[in-house]
Structures are given as C-alpha cells and as structure tokens.
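# What the coordinates show
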Amino acid sequence: MTLAAVQRINLYDLDKDALTTLLASWGYSSFHVEQLWEYLYRQQQTDFATMNALRPDLRQRLAQQAMLATPSIAASSDSSDGYTRKYLLRLADGHTIETVLMYFEGRDDSGSNSNARATACISTQVGCAMGCVFCATGQMGFTRHLTPGEIVAQVLHVQRVLADRGETLRNIVLMGMGEPLHNYDHTMTALAILTDHKGLALAPKHITLSTVGIVPGIKRLADEERPYRLAVSLHGATDAERQALVPPAKRWPLAELIDACRDYIDRRKRRIFFEWTLIDGKNDTPAQAHALGQLLHGLDAHVNLIPLNPTIGYDGEATGETAVKQFQAILSSYGLPSTVRQRRGIDIAAGCGQLKAQHQGE
Ligand code: SAH
Ligand code: SF4
C-alpha cells in the first residue's frame, strides 16, 4: 500500500486511551502520548512540524499518517449588541455546521459574580433526524453524525477566537445543530477529550447536554454516571401538545420520559433543566403552565423558558412579555423555578440552525 492510500487519522477523534493505543502500535510509550496531548490541547498547536519536543521520528510518522482536521469559516455574523458571534463552519467533506460564541454578564447559576462568562454552543450532527416543527435544524432533516473530532474542533475554534481577545472559555452547551443522544458515543468521546484535566480541562459541571428526550440515552447517562449537566427539551406538558411540536414524543410518551428523568435525578443527585420554547397561542397558555407545574411536581427541576426564534419553515410567533410573566408566575405557584433565556443575537439568526438555513447551498 502506498502512503497516499493510507487513510490519515484525525487525532482530534481520539480520546487519551485511543491515542495511547495508536502510539503504542507505533512503539511509543505514554510519555510521548502526554507530550503530544499537551501540544494538541494545552498549546493548541496544529502543525506537527513545530512540535519541537516530540521525537523527530514521531513527528515524521504523524506528518505521514495523522492530521488535525480544522474546519474553515464559511460565514460568520455578530449580533448588534456584541454579545453573540455565530459561525458557520465548513467540515472536510464540505458540509457546514453552526457554532455560536456567547458572552453573558453578571451572576452565574451558582450565584457568584463573574463579569463575562463565555459560552460555546456547539453542534453534534449535520442536520437532525428529530423533526421538531419550530426548529430550523429539524426542518433541514438529517445528513450525518459529527465525529468526535468535529465536535472537539468547534471548541478549539472558539478557544482560538477567545484567546485573541485575552479571554477563556467557561461553558459549553450542546444546543447547536443535532441531537446529542442520537450520536451518543461520538458525543461522549468528545466530552471526555474536552474535560481531560491535562488538556482543555473544561469542568464537567460547566457542560450542558440538551436532549429532545431520548429515553434510552437518558438512562445510559445515569447508568454510566456521566458528570455533565442535563437539559431536557419539553415544550409540551401533555402528550398531545408535545407530539404536535416534537415528533419523538410519540415514541417516548411523557410518563416514560418523566420516569427516566426522576430516576436520573434520584440516582445522580442532580437537577435537570427543562427547556420550553414559548410559542404564542400554542404552548404558552395558563392550562399548559398548570400541566407543567403538575408534571414536574416534586422533581429537582428548573425550567428555561425560551421565546420562539421565528424560522422560515414554521408559522409561529414568540410569546409576548406579559404572557411569559404569567406563565412563570403559574410555575412559581407550584414551587417550580424558571428563567427566561435571553434571546440574544436574534438579529443574527442565532436560533438553532438558522444561519445555515440562510446559507443553504454553501
Ligand atoms: N437536539 C437537542 C439540542 C439542540 S436544540 C434538543 O432539542 O434539546 C437546543 C434547544 O433549542 C432546544 O431546547 C430546542 O427546542 C431549542 N430550539 C430549537 N429551535 C428553536 C427556535 N426556533 N426557537 C427557540 N428555541 C429553539
Ligand atoms: Fe433536533 Fe433539537 Fe432541533 Fe428538535 S430541537 S429538531 S431535537 S436540534
């Protein structure tokens, strides 16, 4: 086999164990793995030729058989308030995905004060198979899963942008394109890479995985004791209302979903965040708020209310301020805490999948 015919290995796809196995097969010890890992994730170098501390024969082998796949920027846009920057990143096969960098000011969820906390919103798939009616990504359909390296590369991209401004990344939310629990293994490998304490060392408690409610995936997260924060997208508190917005709700009815959530909370001793996209006249009624209060009663839960970002493929509007307040007040009457998420960046189409929808064909 000629060298040109050898498929290069994207090192960003490999967690520490897999990199150790690869280097061991080439005859290198874990010492060399640690050196290389430091170059990849601490120094974030992308050229093997400049990794001077590596043995020259290892550098040469890497140059011949490995690569560090870095997506290019197909488009980007800034929100007028300067708090959100959205990137459309082009992958090696030409497909594009969205990655968003957000800054929030003020107090964080733990109550401590931090001036600017940067958050990366990253994608796990090209498109999505779940078909939620109001979601731009759902409207596109599913193209393919992202590899672990393609998930990791989005974070490295954001890190580079922040480093140029003298800032660091604190939070990651898996709320870009795609359903992370439909791409479970690749997502978990990527998160293991991102949280490795000798690499990027992101704190698991600052990583939020958002799911449409894939019950077997939630059970697996609990079984495997994954340390990340979990958000479950609900959008409807009765099966009929939820199924009209979220097609997978037909496969996993609310009773089953909430059972899995209760079990997760009990076993992991962790709160779950429930996402609720507020759509005018659809799921923002007092009846839905009461049903939600009853559904989540007794659970360690927090509700994130997100007024709808309008999309081309869905004829719905965001709930107005008064109705949002009323919805929140009803939830409070059940002792259920909630936060209205800022719709920052709406002028740059910062809803999931919307920048890509505007650049179809690129
Ligand atoms: N697939 C996962 C994660 C990606 S979507 C999930 O569904 O949870 C991240 C969040 O954005 C979800 O809560 C989703 O319902 C919400 N969302 C999608 N499209 C939206 C829109 N147009 N307006 C407001 N929220 C939206
Ligand atoms: Fe997929 Fe989440 Fe969009 Fe639903 S909301 S289509 S699960 S990305």
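Owing to the predicted nature of the structure, the values given are computational and were not obtained by experimental measurement. (Residues numbered from 1 in each chain as written. Chains lettered and ligands numbered in written order. Predicted model: local features only at pLDDT ≥ 70, side-chain atom pairs only at ≥ 80, totals over all residues. Heavy atoms only, no water.)

Looking now at the overall build of the chain. Summing up its helical and strand segments, the chain has twelve helices and 14 strands in all. Residue burial in the chain is summarised as follows: out of 362 residues, 52% are buried. Relative to all contacts within the chain whose residues are 6 or more apart in sequence, the contacts with residues 24 or more apart total 67%. Summed over its atoms, the accessible surface of the chain is roughly 15800 Å², and 49% of this surface lies on carbon and sulfur atoms. (Helix = DSSP H or I, 4+ residues; strand = E, 2+ residues; numbered from the N terminus. Buried < 20%, exposed > 50% of the residue type's maximum accessible area, 1.4 Å probe, protein only. Contact = heavy atoms within 4.5 Å. Areas by Shrake-Rupley, 256 points an atom, 1.4 Å probe, with all protein chains shown as cover.)

Here we take up the environment of Ala-249. Topologically, Ala-249 is positioned in the loop between α8 (239–245) and α9 (254–268). Ala-249 gets classed as buried once you look at its relative accessible area, which sits at 1%. When the C-alpha positions of Ala-249 and Gly-236 are compared, they lie 9.5 Å apart, and in sequence the two are 13 residues distant. Among residues more than four places away in sequence, those in contact with Ala-249 are Arg-242 and Gln-243.

So, on to the site of ligand 1. Taken together, 18 residues lie around ligand 1, and Gly-178, Ser-210, Ser-233, His-235 and Asn-309 are the ones closest in. Between a nitrogen atom of ligand 1 and a side-chain N or O atom of Glu-179, the distance comes to 3.2 Å. For ligand 1, whose unbound accessible area comes to 530 Å², protein coverage reaches 94%. Of all the elements in the fold, those that place two or more residues in the shell around ligand 1 are β10 (207–211) and β12 (272–278). (Near = heavy atom within 4 Å. Polar contact = N/O pair within 3.5 Å; in protein donor to acceptor, adjacent residues only side chain to side chain.)

Below, the discussion takes up the site of ligand 2. Neighbouring ligand 2 are Cys-128, Met-130, Gly-131, Cys-132, Cys-135, Gly-138, Gly-178, Glu-179 and Val-212. For the shell around ligand 2, the residue count by class is five nonpolar, three polar and one charged. (Nonpolar A, V, L, I, M, F, W, Y, C, P; charged D, E, K, R; others polar.)

Moving on: the pairing of β12. Most of β12 sits inside the fold, with seven of its seven residues counted as buried. Every second residue of β12 is oriented toward a common face, with Ile-272, Phe-274, Trp-276 and Leu-278 on one face and Phe-273, Glu-275 and Thr-277 on the other, all of them buried. Two elements, strand β11 (residues 229–233) and β12, share four bridges in a ladder whose sense is parallel. Counted as the bridge partner of Ala-231 is Phe-273 from β12. In the sheet, β12 pairs with strand β13 (residues 301–307) via seven bridges, with the strands oriented parallel. When the bridges of β13 are listed, Thr-277 appears paired with Ile-306. (Pairing = 2+ DSSP bridges.)

Before going further, it helps to examine the packing of helix α5 (residues 148–164) against helix α6 (residues 184–195). Look at α5 against α6: their axes get within 8 Å of each other, and the N-to-C directions meet at 40 degrees. Between α5 and α6, the angle falls in the class oblique. You can see that α5 and α6 cross each other, and the crossing is right-handed. Along the contact surface, α5 presents Pro-148, Ile-151, Val-152 and Val-155, while α6 presents His-186, Thr-187, Thr-189, Ala-190, Ile-193 and Leu-194. Classifying every residue of the contact of α5 with α6 gives seven nonpolar, three polar and no charged. (Axes fitted to C-alpha atoms, helices over the stretch in contact; angles between N-to-C directions. Parallel < 35°, antiparallel > 145°, perpendicular 65-115°, else oblique. Left-handed = near helix turned anticlockwise from the far one by under 90°.)

Let us now look at the environment of Val-161. By the element assignment, Val-161 lies in helix α5. Separated by 60 residues in sequence, Val-161 and Leu-101 place their C-alpha atoms 9.1 Å apart. Aside from chain neighbours lying at most four places away, what touches Val-161 is Arg-85, Tyr-87 and Leu-101.

Counted under the stated rule, the structure contains 17 salt bridges. In this structure, Glu-34 and Lys-16 form a salt bridge, with 3.3 Å as the shortest nitrogen-oxygen distance. Here Glu-34, found in helix α2 (residues 30–42), pairs with Lys-16, found in helix α1 (residues 16–25); they are 18 residues apart in sequence, far enough to count as distant. Exposure remark for Lys-16: the relative accessible area of 16% places this residue in the buried category. Among the salt bridges present, the one from Arg-226 reaches Glu-224, with a minimum N-O distance of 2.9 Å. For Arg-226, a relative accessible area of 24% gives the class partly exposed. Note on Glu-224: relative accessible area 31%, which makes it partly exposed. (Salt bridge = Lys/Arg side-chain N within 4 Å of Asp/Glu carboxyl O.)

Along strand β4 (residues 84–90), five of the seven residues are buried, which leaves the element largely enclosed by surrounding structure. Bridge analysis of strand β3 (residues 72–78) against β4 gives six bridges, and the strand direction is antiparallel. Looking at β4, one finds that Ser-76 is bridged to Tyr-87. Turn length for the β3-β4 hairpin, with the two strands adjacent in sequence and antiparallel, is five residues, and the turn residue Gly-82 shows positive phi of about 75 degrees.

This brings us to the confidence of the model for the chain. Looking at the chain, pLDDT values average 92 and 89% of them are 70 or higher. Within the model, the stretch residues 106–115 combines pLDDT values under 50 with 15 contacts to residues more than four positions away or in other chains. (pLDDT = per-residue confidence, 0-100.)

Before going further, it helps to examine α2. The end-to-end C-alpha separation of α2 is 17 Å, in line with the 18 Å expected for 13 residues at 1.5 Å each. For α2, every residue scored as buried is listed here: His-32, Val-33, Gln-35, Leu-36, Trp-37, Tyr-39, Leu-40 and Tyr-41. Close packing links the buried residues of α2 with α1, α3 (56–65), α5 and α6. (Expected span 1.5 Å × (residues − 1).)

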